[in-house]
Amino acid sequence: MDDKLDRLEDIRIENFVWVIYIGIIILSWYANSKEKKFILYNDEKSRKEYQNCMILIFLILIIVYYYFVNDSYEDITKLNNYDSDKKKILTYASFIGSLLILISGLIFLSIAIADDNIDTEIAFN
């Protein structure tokens, strides 16, 4: 029963993460409008707003990605000798995938911070 309650709690948190993703999509749409204004009119204020939006987006995403890395790590610590080899492999694969996504978020954040001319196209995936 404890496993079911834990899984239901995970689903509740994941639903909240989907709401965050919807907010990020809206913020990304807004950032794109600022990037377009900068490209068309060389509007410096729009460039800075775009860059700030991208930094905010990736800061939020890093927090979300960190949650999933931590959750995957906790799944690893819960593994025991009686778990199947398949479960162990998939649990480790999930952790590695989550960790790589976190690393990509950190890379994209560093690009968003360093790219003052917004020459590099970055997007969350």
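Described in the following lines is the structure provided in the data block. (Residues numbered from 1 in each chain as written. Predicted model: local features only at pLDDT ≥ 70, side-chain atom pairs only at ≥ 80, totals over all residues. Heavy atoms only, no water.)

Another aspect to go through is the overall build of the protein. When helices and strands are tallied, the protein shows three helices and zero strands. In sequence order, the secondary structure elements of the protein are arranged as α-α-α. Whereas a compact globule of 125 residues would reach a radius of gyration of roughly 14 Å, the protein reaches 19 Å, over 25% beyond that. Referenced to the eigenvectors of the C-alpha coordinate spread, the extents of the protein come out at roughly 65 × 25 × 15 Å. Split into buried and exposed, the 125 residues of the protein put 30% on the buried side. Within the protein, counting contacts between residues at least 6 apart in sequence, those at least 24 apart form 66% of the total. Carbon and sulfur atoms make up 64% of the accessible area of the protein, which amounts to about 8,800 Å² in all. Distance from the positive charge centre (13 side chains) to the negative charge centre (19 side chains) of the protein: 4 Å. (Helix = DSSP H or I, 4+ residues; strand = E, 2+ residues; numbered from the N terminus. Rg over C-alpha atoms; globule rule 2.2 N^0.38 Å. Buried < 20%, exposed > 50% of the residue type's maximum accessible area, 1.4 Å probe, protein only. Contact = heavy atoms within 4.5 Å. Areas by Shrake-Rupley, 256 points an atom, 1.4 Å probe, with all protein chains shown as cover. Lys, Arg positive; Asp, Glu negative; His and termini not counted. Charge placed at Lys NZ, Arg CZ, Asp CG, Glu CD.)

With that settled, consider the pattern of salt bridges. Where charged atoms from two side chains of opposite charge come close, those side chains can pair. Taken as a whole and assessed by the stated rule, the structure comprises eight salt bridges. Salt-bridge contacts for Asp 10 lead to Arg 7; the nearest nitrogen and oxygen are separated by 3.9 Å. Taken together, the positions of Asp 10 and Arg 7, both in helix α1 (residues 2-41) and three residues apart, correspond to about one turn of that helix. The exposure class of Arg 7 is partly exposed, given its relative accessible area of 43%. Here the salt bridges share partners, and the residues they tie into one network are Arg 7, Asp 10 and Glu 14. (Salt bridge = Lys/Arg side-chain N within 4 Å of Asp/Glu carboxyl O.)

Here we come to the nonpolar core. One finds Tyr 21, Met 54, Ile 57, Phe 58 and Leu 61 to be the most contacted residues of the largest nonpolar core, which totals 23 residues. Sorting elements by how many residues they give to this core places helix α2 (residues 44-77) first, with twelve residues. (Core = buried A, V, L, I, M, F, W, Y, C linked by side-chain atoms within 4.5 Å.)

This part covers the side chain of Gln 51. On the secondary structure map, Gln 51 appears in helix α2. Using a relative accessible area of 2% as the deciding quantity, one classes Gln 51 as buried. Leave out the neighbours within four places in its chain, and Gln 51 touches Ala 112, Ile 113, Asp 115 and Asp 116.

Glancing now at the environment of Thr 120. Mapped onto the elements, Thr 120 comes out in the segment after α3 (85-114). For Thr 120, the contacting residues outside a window of four places in its chain are Ile 111 and Asp 115.

This part is about the packing of aromatic side chains. All chains considered together, the criterion is met by four aromatic pairs. Where Trp 18 meets Tyr 21, the ring centres are 5.6 Å apart and the plane angle is 75°; that geometry is what we call edge-to-face. Taken together, the positions of Trp 18 and Tyr 21, both in helix α1 and three residues apart, correspond to about one turn of that helix. (Phe/Tyr/Trp six-rings, centres within 6.5 Å; stacked < 30°, edge-to-face > 60°.)

We now examine α3. For α3, with 30 residues, the first-to-last C-alpha span of 43 Å sits near the 44 Å given by 1.5 Å per residue. Taken together, the buried positions of α3 are Thr 91, Phe 95, Ser 98, Leu 102, Gly 105, Leu 109 and Ala 112. In this fold, the buried residues of α3 make contact with α2. (Expected span 1.5 Å × (residues − 1).)

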